[in-house]
Amino acid sequence: MIKIIIGFIISSSVLLSVAHAAEQLTATIIGSGSPIYNENRASASTLISAGKTHILVDMGNGTQANLDQLGVDVRTLSALLFTHHHLDHNEEFVPIFIRSLLGRDNFTIVGPPATTKLTETNLDLYKEDISYRLGKSKRTLSDRQKAFEVRDIQGGESFKIDDIQVTTIQVPHTIHSVAYRFDYKGQSIVISGDLTYSDKLPSLAKNADFLIMDSGGMVITGGKAQNKGANNKGPRTRAHLSLADSSNIAEKAKVKNLVYTHFNKGTLDTQASLKEIRKNYTGKVIFAEDLMVLEHHVNITSLTQSYPVVDTGQRKFYSNDEIINLPAEGENFFGQDASYIINAPSYSNNNDGTVTDNVTGLMWQKDMGNKLSYQEALQKVQSNKLAGYSDWRVPTIKELYSLIQFSGSVKGQHALYPFIDTRYFNQPLGQV
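Residues numbered from 1 in each chain as written. Predicted model: local features only at pLDDT ≥ 70, side-chain atom pairs only at ≥ 80, totals over all residues. Heavy atoms only, no water.

A. Broad picture of unusual backbone geometry. Positive phi, close to 70°, is recorded for Asp58, a residue that is not glycine. Structurally, the position occupied by Asp58 is in the loop between strand 4 (53-57) and helix 1 (63-70). In this structure, Lys185 is a non-glycine residue whose phi angle is positive, near 50°. With respect to the element layout, Lys185 can be found in the loop between strand 10 (177-184) and strand 11 (187-191). The class of Lys185 is exposed, set by a relative accessible area of 56%. (Helix = DSSP H or I, 4+ residues; strand = E, 2+ residues; numbered from the N terminus. Buried < 20%, exposed > 50% of the residue type's maximum accessible area, 1.4 Å probe, protein only.)

Structure, rendered in structure tokens:
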């Protein structure tokens with residue numbers, strides 16, 4: 001049974017989670033987009049975390065905003081890593097680097113050739129501004145320069161960042177690019193960065209829990225066509241994989257989860273894309289979204305698998321602006337949530353401050369708790385021993401949604417009916 005600690009904060013109908021388990025190696029997709037601006041996806045960035053160690057890989061446009069949404073203070077990052085130096089992967093490095101300098105922690109900067117040059121050039125360019133800001137807390141730039149190290153790598157190097165083992169290889173792209181593997185207590189995550197087909201990547205990603213992969217060849221509608229990779233015809237130099245390439249690499253590596261990211265603007269046709277992927281790879285496929293958390297112990301389900309879904313309790317049908325009668329098949333607005341009645345919510349009060357969801361098998365904290373930042377939550381979970389358990393963790397967004405009852409309602413600034421079963425969970429009914 002999976003145990004989860006939660007904190008409910010009702011504000012504009014949002015549920016906020018509380019904590020991550022310190023023993024897990026996780027990857028949070030900070031940005032899943034491409035160089036083309038997309039209001040729904042930040043550019044490339046991934047946060048690797050284990051305990052108090054946080055490694056930011058790539059820093060495209062929108063990275064800072066999404067880190068802020070998670071409550072991650074960039075001044076506490078352990079390392080800044082680059083796969084390559086294209087703008088959609090390093091655009092926000094400078095402000096993140098300066099904010100790290102203004103912090104008080106040590107950190108490391110690693111990337112392919114030009115990483116040291118990028119760092120030193122900006123340090124020189126902004127030294128007066130940085131010195132001014134450090135002076136407010138009676139610190140000097142020369143002191144803070146001792147707090148970080150920067151180095152270029154070719155790919156093929158291995159090193160440690162705290163207790164996380166990092167292994168690298170060079171991968172083919174339009175410029176020098178590096179793929180990274182992160183290993184921690186038997187858990188492993190690989191980030192390919194942008195690339196064309198690599199014979200070396202299956203070895204780097206061998207048996208990895210998650211392979212976070214360039215989504216070249218993905219079927220996109222309503223936007224710029226996704227690069228179909230090295231199998232395309234024509235004289236243009238290929239910069240990205242085809243779906244045949246990426247799925248072939250994942251199958252050779254026997255990875256447990258193949259995670260696609262770096263999507264062009266437009267609507268992702270998951271069914272058409274998955275059809276191509278399944279020609280080679282039979283494991284779990286995940287189409288990344290911004291702020292998605294990938295955890296070793298969480299069974300993230302692909303489109304081809306079944307898993308227990310809790311009924312939402314929604315029994316009303318809507319048009320664009322009003323409640324309507326049940327629409328028949330073929331009519332406008334057919335296929336809404338209210339048309340489907342599946343697993344009825346079912347809970348057991350364990351009488352020890354926890355509640356078990358009998359549909360999903362998840363165990364939850366009964367009390368809503370207090371609102372915490374991401375960093376505060378990481379500290380709290382390390383000492384949490386509710387009901388005698390020590391392996392509490394944060395829920396995924398889908399897991400949180402399994403608790404929502406859409407029969408709830410509000411009127412003006414007041415809640416009429418709660419959006420969670422208050423017979424089991426301590427969620428007071430009051431003002432929004």
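B. Structural view of the sheet that holds strand 4. Read across the sheet, seven strands follow the order 7-6-5-4-3-2-17 without closing on themselves; strand pairing throughout is mixed. Two strands close off the open sheet at either side, each with one partner strand: strand 7 (148-152) and strand 17 (292-295). Across the sheet, the mean angle from the axis of one strand to that of its neighbour is 15°, orientation sign disregarded. Taken strand by strand, helix 1 contacts strand 2 (25-31), strand 3 (45-50) and strand 4, and its axis lies near 130° from that of strand 2. Running at roughly 155° to strand 6 (residues 107-111), helix 3 (residues 93-102) makes contact with strand 4, strand 5 (79-81), strand 6 and strand 7 of the sheet. (Pairing = 2+ DSSP bridges. Axes fitted to C-alpha atoms, helices over the stretch in contact; angles between N-to-C directions. Contact = heavy atoms within 4.5 Å.)

C. Structural view of the sheet that holds strand 12 (residues 210-214). With respect to topology, seven strands assemble into an open sheet ordered 8-9-10-11-12-14-16, the strand pairing being mixed. The outermost strands of the open sheet, each flanked by one partner alone, are strand 8 (158-161) and strand 16 (284-287). Averaged over all pairs of adjacent strands, the angle between strand axes in this sheet comes to 20°, irrespective of strand direction. As paired elements, strand 10 and strand 11 share five bridges and run antiparallel to each other. Bridge pairing in strand 11 places Arg181 opposite Val190. Sheet strands in contact with helix 8 (residues 243-253) are strand 12 and strand 14 (257-261), and its direction is about 150° off that of strand 14. This element, helix 9 (residues 270-277), spans strand 14 and strand 16 of the sheet and lies at about 145° to strand 16.

D. Structural view of the side chain of Asp194. Here Asp194 shows up in the loop between strand 11 and helix 7 (201-204). Assessed through its relative accessible area of 3%, Asp194 is described here as buried. Of note is the side chain of Asp194, whose polar atom sits 3.4 Å from the side chain of His84. Within the structure, the side chain of Asp194 is placed 3.4 Å from the side chain of His262, a separation counted as a polar contact. Apart from residues lying up to four places away in sequence, Asp194 is in contact with His84, Asp88, His89, Val171, Pro172, His173, Ser177, Asp214, His240 and His262. (Polar contact = N/O pair within 3.5 Å; in protein donor to acceptor, adjacent residues only side chain to side chain.)

Just geometry here; none of it tells us what the structure is for.
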